[in-house]
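Observations on chain architecture
As a plain string of letters, each chain reads:
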Amino acid sequence: MREQYRSTPLLESDLAPTPMDQFAHWFKDVAASGLHEPNAMVVSTATPEGRPSSRTVLLKQHDDRGFVFFTNYTSRKGTEIDANPYVSLLFPWHPLARQVIVTGMAARIGRDETAAYFRTRPHGSQLGAWASDQSAPIASREALLRHYEELAARYPQDEQVPVPPQWGGYRVTPRTVEFWQGNANRLHDRLRYVSDESDGSVWRVERLCP
């Protein structure tokens, strides 16, 4: 299975001064294209021994500080991040022949920030955060649904659901951000921002061979 990419080349002169500005520009384009769930990203983590795992989650915020997603802190990704904060993010925007690849460090966001986001979630999703002990074995789907119904009875639609203490956000502070643009004959453009400062105050751009 092959596809010949036909895209406009990505040049250094096209890039914004910072990777987060460039990401915002591309993300706007992807969202306008009608791509389903453009904020879906693959989050890769690893144990301290270097054993990796990956899963798709939804990006919920991006700004100059980095990329934010939410999860159960006791899930596999949560426990791996707490033990080894180095992570990778991949945005696979295949219909536009684009990818963004991020490497950096993840850290928990503040509880106030987590609570503010939790209040924006639909009532059912709030209950779901309580019902699922994410990544832990469970006897059956019926057991999961039974737990959910118990929570729904305890917190009906008109009652505020408390924020689960084991649930919250992570912010990934990038150290490298690569913008990949597919082109014909596998001569893809790969431009990577690299920060030599821990606070991301200075960025340089390097071109990688496809």
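Once a new chain begins, its residue numbering starts again from 1 and follows that chain's sequence as written. Local features in a predicted model are, by the rule used here, given only for residues with pLDDT of at least 70; side-chain atom pairs are given and counted only at 80 or more, and totals for whole chains, interfaces and linings are based on all residues. With hydrogens and water stripped out, all remaining heavy atoms of the structure feed into the side-chain values.

**Re the layout of surface pockets**
Let me state the cut-off plainly: Only protein atoms enter the 1 Å grid, on which a cavity is a set of points fitting a 1.4 Å probe that cannot get out and a pocket is an open set with protein on both sides within 12 Å along at least 5 of 7 lines, lining residues being those with an atom within 4 Å of a point. Grid points are joined across faces, edges and corners, and a volume is the space filled by probe spheres set on the points. Any residue outside Ala, Val, Leu, Ile, Met, Phe, Trp, Tyr, Cys, Pro, Asp, Glu, Lys and Arg is labelled polar, Gly included; the first ten of those are nonpolar and the last four are charged.
Space inside the largest pocket adds up to approximately 330 Å³. The wall of the largest pocket is formed by 14 residues, among which Phe70, Thr71, Arg121, Gln134 and Trp167 lie closest to the centre. For the lining of the largest pocket, a count of residues per class yields six nonpolar, five polar and three charged.

**Structural notes on helix H4 (residues 123–131)**
The test is simple: Relative accessibility decides the category of a residue: with a 1.4 Å probe and only protein chains considered, values under 20% of the type maximum give buried, values over 50% give exposed, and everything between is partly exposed. Think of it this way: any DSSP run of H or I at least four residues long counts as a helix, any run of E at least two long counts as a strand, and we number them from the N terminus. Throughout, a residue-residue contact means that at least one pair of heavy atoms, one from each residue, lies within 4.5 Å.
Along H4, the residues classified as buried are His123, Gln126, Leu127, Ala129 and Ala131. Next to the buried residues of H4 lie helix H3 (111–118), helix H5 (141–154) and strand S7 (167–181).

**A look at the nonpolar core**
Condition: The term nonpolar core refers to a set of buried residues drawn from Ala, Val, Leu, Ile, Met, Phe, Trp, Tyr and Cys, joined through side-chain atoms within 4.5 Å.
In this structure, Phe23, Phe67, Phe91 and Val100 are the most contacted members of the largest nonpolar core, which totals 30 residues. At the level of secondary structure, the elements contributing two or more residues to this core comprise helix H1 (19–32), strand S1 (40–46), strand S4 (66–72), strand S5 (86–93), strand S6 (98–108), S7 and strand S8 (189–195). The greatest single-element share of this core, amounting to five residues, is contributed by H1. With 13 residues, the next largest nonpolar core counts Phe70, Phe118, Tyr155 and Val163 among its residues.

**Some points on the pattern of salt bridges**
Keep this limit in mind: By convention in these notes, a salt bridge is any Lys or Arg side-chain nitrogen within 4 Å of a carboxyl oxygen on Asp or Glu.
Counted according to the given criterion, the structure contains 12 salt bridges. The salt bridge partner of Arg171 is Glu113, with a shortest N-O separation of 2.7 Å. Residue Arg171 is located in strand S7, and its partner Glu113 is located in helix H3; the two are separated by 58 residues in the primary sequence. You can call Glu113 partly exposed: its relative accessible area is 25%. A salt bridge links Arg204 to Glu206, with the shortest nitrogen-to-oxygen separation between them at 3.2 Å. In this structure Arg204 comes out as partly exposed when scored by relative accessible area, which is 39%. The class for Glu206 is partly exposed, based on a relative accessible area of 23%.

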